[in-house]
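Topology and contacts: notes
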Amino acid sequence: MTEIASPATAVRSHRLRRWLLRVGGLVAIVAAAGLAALYYYAETLVEQHLRPAMVSLLEDRFDSAVELESLRVSMAPTLSVRGEGLTLRKKGRSDIPPLIAIRAFTIAGSVRELWNRRIDRVHLEGLEIVVPPRRGADMPGAKSGGEPVKTTPSTPGASAPDAFIREIVTEASVLTIMSKQEGKRPRVFELRKIRFENFQFTQPAVFEADLTNPTPQGDVAVVGTFGPWQAGEPSSTPIDGHFLFNADLSTIKGIGGALRAEGRFAGPLDYIRTSGKTSTDDFSLSSGGGKFPLLVDYDAIVDGTNGDTQLERVNGRLGVSQISARGAIVRVDGVKGRRITLDT
């Protein structure tokens, strides 16, 4: 037997549906208004507080004039801030390219995190870094092979509140280290990926990187620490870590073979002490002869501004022959490639 709803029941059901629709509509309006208010608040926070605070922080930490084309808020899928056209030009150095240029960047984090300068993640796009050489008496003695004059660590704005970024990630970046010898071409490294953890301007930051080495041409994987950034002399910024290096030795005139190296390094960018071991199963000389296995254990000093290397200790085995030597691998004016000298 089918039950038929009474007129009173039907009226109550209709009223309930209308009430639910009104409540739902009101909730949607309140949510939209809240979202609009949050967006307006975030925009206001970015324009009136975050933008000037960011520019001021970068100017202080990098001793640079800062330009930022745009900075805007995005609410989807989560709150983030996207900036475009960020350029840092070192003060008093109009003779060199910008110190840092970033095509675009995205900051992920809550409003509170942005306010407190504690940021979850920053993604950089189109990062280009140019490290100028030291000036005047602070330049390392390239000819004498002497250690660079030690300078007092420079951290402008060190009294200002620091920022904390849990993770910084960038791909397809370029690092250019300018030569301290006028007229010499800079060293250019293609950085396929860099990742920093727990980054602060005033502390060394843990990083990992994959990059391309220009000469000999090859791939380098690095894990270590970088910083703190030395704004007064960027080339004196300390770096420390371990590396794996696979290279084609035929990109150096006169030799050939597939090299594999691993070791550690430490020092400022323009005076890096390194030690490690290399193995080349098919080492050869272009002047003739066969191919032999080459094993080397070494200590060296690398000038990052020009790639010149002082070999402080070289112990190796070429085929069945033992080698013990010191020497250098350096550029020579007017000559293509590098000159290798060994004193046994």
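Residues numbered from 1 in each chain as written. Predicted model: local features only at pLDDT ≥ 70, side-chain atom pairs only at ≥ 80, totals over all residues. Heavy atoms only, no water.

**Quick notes on the overall build of the protein chain**
Across its full length, the protein chain holds two helices and 16 strands. In the protein chain, which comprises 344 residues, the proportion classed as buried is 40%. Here the analysis covers contacts within the protein chain between residues at least 6 apart in sequence; of these, 49% occur between residues at least 24 apart. (Helix = DSSP H or I, 4+ residues; strand = E, 2+ residues; numbered from the N terminus. Buried < 20%, exposed > 50% of the residue type's maximum accessible area, 1.4 Å probe, protein only. Contact = heavy atoms within 4.5 Å.)

**A closer look at the environment of Asp240**
Topologically, Asp240 is positioned in strand S9 (residues 238-248). Setting aside its immediate chain neighbours within four residues, Asp240 contacts Phe207, Val223, Gly224, Thr225, Arg264, Phe265 and Ala266. Polar side-chain contacts of Asp240 include one of 3.0 Å to the side chain of Arg264. (Polar contact = N/O pair within 3.5 Å; in protein donor to acceptor, adjacent residues only side chain to side chain.)

**Overview of the pairing of strand S13 (residues 292-302)**
Each regular strand carries side chains that alternate between the two faces of the sheet. By the bridge criterion, 10 bridges tie strand S12 (residues 272-285) to S13 in an arrangement that is antiparallel. The residue of S13 that forms the bridge with Arg273 is Ile301. Examined bridge by bridge, S13 and strand S14 (residues 309-318) share nine bridges and lie antiparallel to one another. Within the sheet, the bridge partner assigned to Leu294 lies in S14 and is Leu318. The antiparallel hairpin formed by S13 and S14 contains six residues in its connecting segment, where Gly307 sits at a positive phi of about 80°. (Pairing = 2+ DSSP bridges.)

**Observations regarding the pairing of strand S5 (residues 164-177)**
Here S5 lies mainly inside the structure; 10 of its 14 residues are buried. Bridge analysis of strand S4 (residues 118-131) against S5 gives 11 bridges, and the strand direction is parallel. Pairing of Val122 across the sheet is with Ile168, part of S5. Inspection of the sheet shows S5 paired to strand S6 (residues 187-199) by 11 bridges, in the antiparallel sense. The residue bridging Val169 from the neighbouring strand is Arg195, located in S6.

**Structural notes on the packing of aromatic side chains**
In total, this model carries eight aromatic pairs according to the counting rule given. Pairing Phe199 with Phe201 gives two aromatic rings, centres 5.2 Å apart and planes at 80°, and the pair type is edge-to-face. By the burial criterion, Phe199 is buried, and Phe201 matches it. A connected cluster of aromatic rings, assembled from ring pairs, spans Phe62, Phe196, Phe199, Phe201, Phe207, Phe226 and Trp229. We note Arg118 situated over the ring of Phe164; from NZ or CZ to the ring centre the distance is 4.5 Å. (Phe/Tyr/Trp six-rings, centres within 6.5 Å; stacked < 30°, edge-to-face > 60°. Lys NZ or Arg CZ within 6 Å of the ring centre and 35° of its normal.)

**Here we look at the side chain of Ser173**
If you trace the backbone, Ser173 turns up in strand S5. Here Ser173 is in contact with Leu127, Phe189, Glu190 and Leu191, once residues within four sequence places are set aside.

**Examining the pattern of salt bridges**
Proximity of charged atoms lets side chains of opposite charge pair with each other. If you walk through the whole model with that rule in mind, you get 13 salt bridges. A salt bridge links Glu125 to Arg82; the nearest nitrogen and oxygen atoms lie 3.0 Å apart. With Glu125 in strand S4 and Arg82 in strand S2 (residues 80-90), the pair connects residues that are 43 residues apart, well separated along the chain. For Glu125, a relative accessible area of 21% gives the class partly exposed. By relative accessible area, Arg82 is classed as partly exposed at 23%. In this structure, Arg195 and Glu167 form a salt bridge, with 2.6 Å as the shortest nitrogen-oxygen distance. Taken together, the positions of Arg195 in strand S6 and Glu167 in strand S5 put the pair 28 residues apart, joining distant regions of the chain. In this structure, Arg195 and Glu167 share a single accessibility class: buried. Here the residues in one salt-bridge network are Arg72, Arg82, Glu84 and Glu125, joined through shared partners. (Salt bridge = Lys/Arg side-chain N within 4 Å of Asp/Glu carboxyl O.)

**Concerning the environment of Leu114**
As for its position among the elements, Leu114 is in helix H2 (residues 111-115). The spatial distance from the C-alpha of Leu114 to the C-alpha of His49 is 9.7 Å, given a sequence separation of 65 residues. Dropping the residues within four chain positions of it, Leu114 is found in contact with Leu50, Val81, Ile107 and Ile119.

**A few points about unusual backbone geometry**
Cis geometry marks the peptide bond from Gly227 to Pro228; its omega dihedral reads 5°. Among the secondary structure elements, Pro228 is positioned in the loop between strand S8 (218-226) and S9. Positive phi outside glycine occurs at Asp63, with the angle close to 50°. Within the secondary structure, Asp63 sits in the loop between helix H1 (7-62) and strand S1 (64-74).

**Thoughts on the confidence of the model for the protein chain**
When the pLDDT values of the protein chain are averaged, the result is 80; 76% of them are 70 or greater. Summarising per-element confidence for the protein chain, the mean pLDDT is lowest in H1 (64) and highest in S8 (95). Every residue in residues 30-34 is under pLDDT 50, and counting partners more than four places away or in other chains gives zero contacts. The low-confidence segment residues 137-145 (pLDDT under 50) makes 14 contacts with residues lying over four places distant or belonging to another chain. (pLDDT = per-residue confidence, 0-100.)

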